[in-house]
Amino acid sequence: MLLHGEREGTGPRVVLLHGFGQTARCWGPLAPALARGHEVLRLDAPGHGASGEVAADLPTTGRWMAATGGPAVYLGYSMGARMALHVATEAPEVVRGLVLLGGTPGIEDDAARAERHGADRALAARIRAEGVPAFVDRWLARPMFAGLPPEGRFVHERLRNSAEGLASSLELAGTGAQVPLWHRLAGIDVPVLAVAGADDAPYAVLARRTAAAIGPNATSAVVTGAGHSAHLEQPHRFAALVLRWLGRLDRRAPR
């Protein structure tokens, strides 16, 4: 299964994997900044955008993203970071590196994971009942998105999604449905950059833990003045961080 994607730029490939409720067009200034020296492929995740009729769990999503993206650095935000980890565990042969922003390898505690799965299913039911516009209003009103500037909210793009697509994504690929990957992180043998906004304390802790669990190939960083959506709240700082890391990776690549 190939997912919908949009390309720009030339050079070493970077595949961008968006967050829940977004689409491939929700990257703001980051995509053109990367495209000045890279081929950038922005994918619509299952249940989103032009991949809205596709439904898949996370391992299947990882394999489909690998089939669509091919050999590349995979950069994922939030849900997309969880999907990028599944690309690395399901199809490691295509992964040159990973950039994980605001992501988690999964909820380790069984009871907490079951509680989250129940909350995800309840939200899926509410989206089906009330529709996408009501969901988008509630979602963007959450405190974790308070730092988003108007141009980073992408309301019109979010409204392109369907209620069924978003609901199926939550049920099949939400954090509650995710089998934790912590025990598999040490097997990731490509460079990894785990990032969080400095004001997004829980995910800053997760970024450090993720990098430590992967080992010496991984580093962690925080973006000052940003919360959960660091790439949209502080796009130039985040782009500079990623471009420096990519520059080191590209120089190491065989010619």
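This text goes with the structure placed above it.
Quantities reported herein were computed from a predicted structural model and do not represent experimental measurements.

Calculation rules
Residues numbered from 1 in each chain as written. Predicted model: local features only at pLDDT ≥ 70, side-chain atom pairs only at ≥ 80, totals over all residues. Heavy atoms only, no water. Axes fitted to C-alpha atoms, helices over the stretch in contact; angles between N-to-C directions. Helix = DSSP H or I, 4+ residues; strand = E, 2+ residues; numbered from the N terminus. Parallel < 35°, antiparallel > 145°, perpendicular 65-115°, else oblique. Contact = heavy atoms within 4.5 Å. Pairing = 2+ DSSP bridges. Salt bridge = Lys/Arg side-chain N within 4 Å of Asp/Glu carboxyl O. Buried < 20%, exposed > 50% of the residue type's maximum accessible area, 1.4 Å probe, protein only.

Chemist: Help me understand the packing of helix H2 (residues 58-69) against helix H3 (residues 79-90), please; the structure alone is not making it clear to me.
Modeler: Axis separation between H2 and H3 bottoms out at 8 Å; the angle between their running directions is 75 degrees. Viewed along their axes, H2 and H3 adopt a mutual orientation that is roughly perpendicular. Seen from H2, the contacting residues are Leu-58, Pro-59, Thr-61, Gly-62, Arg-63, Met-65 and Ala-66; seen from H3, they are Arg-82, Met-83, His-86, Val-87 and Glu-90.

Chemist: Is there a simple way to explain the sheet that holds strand E2 (residues 13-17) in this structure?
Modeler: The strands that make up a sheet pair up through hydrogen bonds in the backbone, lying either parallel or antiparallel. Ordered by their spatial adjacency, 7 strands build an open sheet running E1-E3-E2-E4-E5-E6-E7, and the pairing between neighbours is mixed. With one partner strand each, in any of the chains shown, strand E1 (5-8) and strand E7 (218-223) form the two edges of the open sheet. With strand direction ignored, the average angle separating the axes of adjacent strands in the sheet is 20 degrees. When E2 meets strand E4 (residues 72-77), the two strands line up parallel, connected through 4 bridges.

Chemist: What is the right way to look at the pattern of salt bridges in this model?
Modeler: Side-chain pairs of opposite charge can arise whenever the charged atoms involved come near each other. Within this structure, the stated rule accounts for 17 salt bridges. One salt bridge connects Glu-6 with Arg-42, and the closest N-O pair in it is separated by 3.3 Å. Placement of the pair is Glu-6 in strand E1 and Arg-42 in strand E3 (residues 39-43), with a sequence separation of 36 residues. Accessibility classification places Glu-6 together with Arg-42 in one group, the buried group. Across the pair Arg-116 and Asp-120 runs a salt bridge whose closest N-O atoms are separated by 3.0 Å. In this pair, Arg-116 and Asp-120 both sit in helix H4 (residues 110-130), 4 residues apart, roughly one turn of the helix.

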